[in-house]
Amino acid sequence: MDIDSAQLSAILSRIQFAFTVSFHIIFPSITIGLATLIAVWEGLWLKTRNPVYLQLAKFWIKPFAITFGMGVVSGIVLSYEFGTNFSKFSELTGAVLGPLMAYEVLTAFFLEAGFLGVMLFGWQRVSERMHFFASCTVAVGTWISAFWIIAANSWMQTPAGHKIVNGRFEVESWFAVIFNPSMPYRLSHMLLATMLTATFVVMATSAWYLLKQQHQTFARKGLSMTLWLALVLAPLQALVGDFHGLNVKEHQPIKLAAMEGIWPAREAHVPYLLFAIPDPEQEKNHFEVKIPGLASLLLTHDWQGELQGLQSVPKADRPNVPLVFFSFRLMVGLGLLMIFIAGAGLWLRKRGTLYQSRWFLRLCSLMAPSGVIAVLAGWYVVEVGRQPWLVQGLVRTMDVVSPLPAERVALSLSLFVLTYSLLFGVYLYFFRKLIKKGPPELADLQQLKVGVKASGYAVAFTKNLADETQHKGAH
Amino acid sequence: MDISLFYFLLLGFAILMYVLLDGFDLGIGILYPWFNSDAEHDHLMRSISHVWDGNETWLVFGGVILFGAFPTAYAQLLSTLYLPIMLMLIGLIFRGVAFEYRFKSHSSKIWWSRAFAIGSTLAAFCQGLMLGAVVQGVPSDAIQGSSLQLVTPFSLFTAVAVVAGYALLGCAYLVMKSRGAIQHKAAQRGRVLVWVVMLAMALVSLFTVLSDDLIWQRWFGGWQTLWLLPLPLLAMAAARLLYRDLGRVRKSHHKAEQVTEKHEDRPFWLAVSLFVLAFAGLLVSLFPYLLPRQLSYQQAVAPEHSLWFMLPGVLIFVPLILAYTIWGYRIFAGKVEDFEEGY
């Protein structure tokens, strides 16, 4: 195989991994938060017996189920792709990353899968408390899963606790590997992100119902709850993001330089760029719109603070600057918009016009994909910003790709593009369909008691219900 | 026991659990074309919709144990078997989402039924193909060479055999989980499949034993033949009993008489034991290799530090997982007709 074909193959493998992992992350970033919300609503229903909580839980469990399904099938792909497309990487780092992923499967995947069946289909097979327990377990499972995979990813960003023996990574301290320097920041940032993603999906849907003047009680509850949540989570996320940024400055200064568009090897009184077009060829920015000294202040807490720039390393050691730069601004912009909406919501609530302001409801309903887009943009900053390294400073991405013929990777990549495009369309179609159908009627919910222990009784009960509805239809 | 041997056996256990559990639910997908009405298709899918996700998790578990405990084998096997793995994953994607979308669709329902059937069959076929390629020995230049190297008469044969085997597990599961026409049909197809599977097992065993002198020696090279002999004998006994049980279920429908619950449940456990015995036979032949004649588990094993780190996780969580998996199955025990409620 000549050099060009090997390189082409490597690039195709990288594109394929980027594409499949981007597609996958969409779904967990919704389900981690949504599972938590569903468990909370179920708990509130058991506590207050206010049927609107049951309605919320029962309604959102359906979009949750299709999203979870998409996450499962696209996730399995990833657990095999390390080996298929990055065989040398797997060989080098298997002893470090493999056990972390084994723990993810043991402590999270089985737990989620084991209790999901009961959560989705067990309403009339187990007691209410047991069902609530199953929902909680699924939610906790999603959090545990995030813990392990973030630990593995963070180790690739800020490797620690390892030694290199015969060119391969071995572990000296598992504690240092798992709780590596960037792990706590990335984990809290990501978990908050998933909570915000789900919060804004529910908020947007509730606002949409209110605009259409449908399902008023249900939608008001949903909007009100999620606005309170956003009021806490969105500013908190900005704070955590700031800490995370400081951590990046300390451990991955070149990534930070790309995020902020800083070119000189060292620069003091660094401006914050509201807008610019970074030019990697000329090593400068065009069309800068900036606030002098603000980047220094944010990152060093000093207007005159010095920051390391891209020119401190050779061109070959820099990431794709424009991509990182713009992704970062997109994420921050969406984060600020979320804070604004939470604040505006509070203001309208005080004035007592929250459920009537059409402009606000319209804005909220447009925010449905905001969380997902911000999560994707944030991960592009994380992953593209680490390039050309796969393990920061130790393993270069281009060196550890499987030596596959380019045609073979091209074939699998096209299959994934076709499959995922089709399925994403299908997913959106069914998501919309479920939203349009609206929540289950309160009357039906009250009749259809959950948690009837004897299954025979439950079946007879549902059958009666079906007969009754037919009867009603006949009249 | 040597800790690397423990992980070799654990990997075997994960693969076996996957084959048994996802085997029957892929089998249901493979059987789809033999059932005609929408109602029957609903029933088939409902019988597994609460367990498929957990079953498939064993595939991921096998993958990460291979990754964590035998990284060299993970890297080598997966990159060499590139295309069948990719096709298997695509198959699993389509059949997996079909569970969610089929029940929610109207005009496109037929397409989701097809996605479920074709996806399940494709995944099983690829798994069989990989089994054949591994048993036969993957050429060391396979990663660079043509993918068609993996397709040999033998690997095609094992591919069909695995599809038939999963279908048999699916039939036995349906006999346990349904009544009436579906049970009848499952019993009927199951009887034919018992023959197919036994024939395939015999041929694959024969090929494996004859293909390699070392494997021949292991089976027939001395006294060990005596204690290995129960494997094929028990398999034949299980197959015979399975065939008769399925016959009894089938006959009960003609004479409209009741079969006892025992006879409805036993076929599934017999089919499972057939698979366990076949797997044990395979293990006897291939031990200690992860890639026959190329890479043994000792050669591929990760540093001990990693193995010890995973050990408490395995020892605590695997029993726990088995416990709540059994609990989950028990909640939905009984015939599918009795839990038609959705969510």
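Since the model is a prediction, treat every value here as computed from it, not as a measurement.

Draft legend 1. Summary view of the overall build of chain B. Helix and strand content of chain B: 14 helices and two strands. The principal-axis extents of the C-alpha atoms in chain B amount to approximately 55 × 45 × 45 Å. For chain B, buried positions account for 53% of its 343 residues.

Draft legend 2. Region of the structure containing the pairing of strand E2 (residues 168-171) of chain A. All names here are of chain A. A one-sided burial pattern is seen for E2, the buried positions being Phe169 and Val171 and the unburied ones Arg168 and Glu170. As paired strands, strand E1 (residues 162-165) and E2 are joined by four bridges and run antiparallel to one another. Counterpart to Ile164 in the pairing with E2 is Phe169. Connecting the antiparallel pair E1 and E2 is a turn made up of two residues, with Asn166 showing a positive phi of about 50 degrees.

Draft legend 3. A look at the environment of B:Tyr101. With respect to the secondary-structure elements, B:Tyr101 resides in helix H5 (residues 82-102). With twelve residues separating them along the chain, B:Tyr101 and B:Ser113 place their C-alpha atoms 9.8 Å apart. Those residues in contact with B:Tyr101 that lie beyond four places of it in its chain are A:Val426, A:Phe430 and B:Trp112.

Draft legend 4. Summary view of the environment of A:Glu81. All names here are of chain A. With respect to the secondary-structure elements, Glu81 resides in helix H2 (residues 51-85). Between the alpha carbons of Glu81 and Ala108 there is a distance of 20 Å; along the sequence they are 27 residues apart. Residues in contact with Glu81, not counting those within four places in the same chain, are Phe17 and Thr20.

Draft legend 5. Representation of the packing of helix H1 (residues 3-31) of chain B against helix H6 (residues 109-136) of chain B in the model. Residue and element names in this part refer to chain B. It is at 7 Å that the axes of H1 and H6 come closest, and there the two elements cross at 125 degrees. Between H1 and H6, the interaxial angle falls into the category oblique. The way H1 lies across H6 gives a crossing that is left-handed. Of the residues in H6, those touching H1 at Leu26, Gly29 and Ile30 are Phe116, Ala117, Gly119, Ser120, Thr121, Ala123 and Ala124. Residue classes in the contact of H1 with H6 are distributed as six nonpolar, four polar and no charged.

Draft legend 6. Seen up close, the pairing of strand E5 (residues 284-291) of chain A. Residue and element names in this part refer to chain A. Pairing of strand E4 (residues 272-279) with E5 involves six bridges; the strand directions are antiparallel. Residue pairing across strands places Phe275 opposite Val289, the latter belonging to E5. Remark: four residues form the turn of the hairpin made by E4 and E5, two consecutive strands paired antiparallel; Glu283 in that turn has positive phi of roughly 55 degrees.

Draft legend 7. Examining the confidence of the model for chain B more closely. Overall, the prediction assigns chain B a mean pLDDT of 90, with 97% of residues at 70 or greater. The ipTM for the predicted assembly is 0.92, set against a pTM of 0.91.

Draft legend 8. Just the nonpolar core, in detail. Within the largest apolar cluster, 260 residues are counted, with the highest numbers of intra-cluster contacts made by A:Ile38, A:Trp60, A:Met203, B:Phe70, B:Leu89, B:Leu168 and B:Ala271. Once residues within four sequence positions are removed from consideration, B:Ala271 is found in contact with B:Leu168, B:Leu169, B:Ala172 and B:Leu242.

Draft legend 9. Layout of the environment of B:Gln188. All names here are of chain B. On the secondary structure map, Gln188 appears in helix H8 (residues 180-211). What makes Gln188 partly exposed here is the crowd of 17 C-beta atoms within 10 Å. For the pair Gln188 and Gly145, spaced 43 residues apart in sequence, the C-alpha separation works out to 44 Å.

Draft legend 10. Local environment of helix H7 (residues 216-251) of chain A. Counted at 1.5 Å a residue, the expected span for H7(A) with its 36 residues is 52 Å, and the 50 Å between its end C-alpha atoms agrees. Where H7(A) bends most, the angle comes to about 30 degrees, and this point is A:Ala230.

About the cut-offs
- Residue numbers restart at each chain and count upward from 1, following the sequence in its written direction.
- Whichever chain is written first is A, and whichever ligand is written first is 1; the rest continue in order.
- Whole-chain, interface and lining totals are the exception, using all residues; otherwise, since this is a predicted model, local features are given only for residues with pLDDT of at least 70 and side-chain atom pairs are given and counted only at 80 or more.
- Comment: elements are numbered from the N terminus, with helices defined as DSSP H or I runs of at least four residues and strands as E runs of at least two.
- Remark: C-beta atoms are placed from the backbone, and a residue is labelled buried if 20 or more other C-beta atoms sit within 10 Å of its own, exposed if 12 or fewer do, or partly exposed between those counts.
- Pairing between strands is defined by DSSP: at least two bridges between the two strands are required.
- Any two residues are considered in contact once their C-beta atoms, placed from the backbone, lie within 7 Å.
- Between N-to-C directions, angles cover 0 to 180 degrees, with each direction set by a line fitted to C-alpha atoms, over the stretch in contact for helices.
- Roughly parallel means an angle under 35 degrees; roughly antiparallel means over 145; roughly perpendicular covers 65 to 115; every other angle is labelled oblique.
- Less than a right angle of anticlockwise turn of the near helix away from the far helix marks a crossing as left-handed, whereas a clockwise turn marks it as right-handed.
- Charged residues are taken to be Asp, Glu, Lys and Arg, nonpolar residues to be Ala, Val, Leu, Ile, Met, Phe, Trp, Tyr, Cys and Pro, and polar residues to be all remaining types, Gly included.
- Looking at any residue, its pLDDT shows the predictor's confidence there, from 0 to 100.
- Structurally, a nonpolar core is described as a collection of buried Ala, Val, Leu, Ile, Met, Phe, Trp, Tyr and Cys residues joined by way of C-beta atoms within 7 Å.
- By this rule the span expected of a helix is its residue count minus one, scaled by 1.5 Å.
- The seven residues ending at a residue and the seven starting there each receive a fitted axis; the angle between those axes is the bend at that residue.

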